[in-house]
Amino acid sequence: DTREGKIRITEFLDTEKIQISDFTMLANSIPYSLELCEKYKWPPLKELPLNSTLTWLYHHSFALENLSKSRIQRALNAFSYLFHESFKDNDPGDLFFSLIGIEAIYAQNSNNIQDQVNQKSQLLLGKRNEFKKIFNELYDYRSRYIHGQLNFTNKFFFDDEESAIEQILKTYEKSAFAIAILTSTIQKHIEENKEEFEYELVLKE
């Protein structure tokens, strides 16, 4: 996030004050995602070294200004939609775009996408030992939203009755959990300096 600050032009000149309005705030739900990771004990989120993160990102910077050309670039472009000029702009789009990024990385085809993501994410990020149902609940919620089975508030008018607030908070929570999975997955790629992980089924004797 950016806040007002100062830029020193030269060591001999006075500093120039930069106002908040000069930069986009880039509001996001990642802090809440961190809270959910602690609550659910999954997925792992950590603070990565800045240098290795920027080095990895440099090799995939094409996606930041162009049409994506790979799975990880599609995920990065989906990740970019999770940032807003104001917290008021947070909407169900966070849920949808985070899952787009997740599925871009984990899903090989359109068959049993939820199962593919469920199995592969646990292989890459570690097994979910607690709150096991939360993942299926995430996909069920997204599905009901997309297929018009959930009531939701109007984009321009907010109803502050208890049921409306409850629905908004639930969407916010589901979105934050999906964001946590996407963020952790991208972090794993950075940590291992990978563009893509390969998975295979193994028959145990």
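Residues numbered from 1 in each chain as written. Predicted model: local features only at pLDDT ≥ 70, side-chain atom pairs only at ≥ 80, totals over all residues. Heavy atoms only, no water.

## Notes on the pattern of salt bridges
Then, in step 1: Tallied over the full model, the rule gives six salt bridges.
Then, in step 2: Between Glu173 and Lys39 there is a salt bridge, and its shortest N-O distance comes to 4.0 Å. Of this pair, Glu173 sits in helix α8 (residues 162–191) while Lys39 sits in helix α1 (residues 30–40); the two residues are 134 residues apart in sequence, bridging distant segments of the chain.
Then, in step 3: A relative accessible area of 41% means that Lys39 is categorised as partly exposed.
Then, in step 4: Linking Glu196 and Arg71 is a salt bridge whose minimum nitrogen-to-oxygen distance equals 3.4 Å. Note that Glu196 is positioned in the segment after α8 and Arg71 in helix α4 (residues 71–80), a separation of 125 residues in sequence.
Then, in step 5: Note on Arg71: relative accessible area 15%, which makes it buried. (Salt bridge = Lys/Arg side-chain N within 4 Å of Asp/Glu carboxyl O. Helix = DSSP H or I, 4+ residues; strand = E, 2+ residues; numbered from the N terminus. Buried < 20%, exposed > 50% of the residue type's maximum accessible area, 1.4 Å probe, protein only.)

## Describing the nonpolar core
Then, in step 1: Ranked by size, the top nonpolar core spans 34 residues in total, and within it Ile102, Phe177 and Ile181 carry the most contacts.
Then, in step 2: Counting residues per element, the ones that place at least two in this core are α1, α4, α5 (93–106), α6 (113–125), α7 (133–146) and α8.
Then, in step 3: Examining the composition of this core, we find that eight residues originate from one element, α8, more than from any other.
Then, in step 4: Once residues within four sequence positions are removed from consideration, Phe177 is found in contact with Leu36, Tyr40, Trp42, Pro43, Ile134, Phe135 and Leu138. (Core = buried A, V, L, I, M, F, W, Y, C linked by side-chain atoms within 4.5 Å. Contact = heavy atoms within 4.5 Å.)

## A few points about a negative patch on the surface
Then, in step 1: A contiguous patch of negative charge on the surface is contributed by Asp160, Glu161, Glu162 and Glu166.
Then, in step 2: Within the secondary structure, Glu162 is located in helix α8. (Patch = residues over 30% accessible without salt bridge, like charges linked within 9 Å, V, L, I, M, F, W, Y side chains within 5 Å. Areas by Shrake-Rupley, 256 points an atom, 1.4 Å probe, with all protein chains shown as cover. Lys, Arg positive; Asp, Glu negative; His and termini not counted. Charge placed at Lys NZ, Arg CZ, Asp CG, Glu CD.)

## Side note on the packing of aromatic side chains
Then, in step 1: Evaluated as defined, the whole model comprises 10 aromatic pairs.
Then, in step 2: An angle of 5° between the planes, with centres 4.2 Å apart, marks the rings of Tyr81 and Phe97 as stacked. Separated by 16 residues along the polypeptide, Tyr81 in the loop between α4 and α5 and Phe97 in helix α5 bring together distant segments of the chain.
Then, in step 3: Taking relative accessible area as the criterion, Phe97 reaches 27% and is therefore assigned partly exposed.
Then, in step 4: Through successive ring pairs, a cluster of aromatic residues spans Tyr40, Trp42, Phe131 and Phe177.
Then, in step 5: A cation sits over an aromatic face here: Arg128 above Trp42, 4.9 Å from the ring centre. (Phe/Tyr/Trp six-rings, centres within 6.5 Å; stacked < 30°, edge-to-face > 60°. Lys NZ or Arg CZ within 6 Å of the ring centre and 35° of its normal.)

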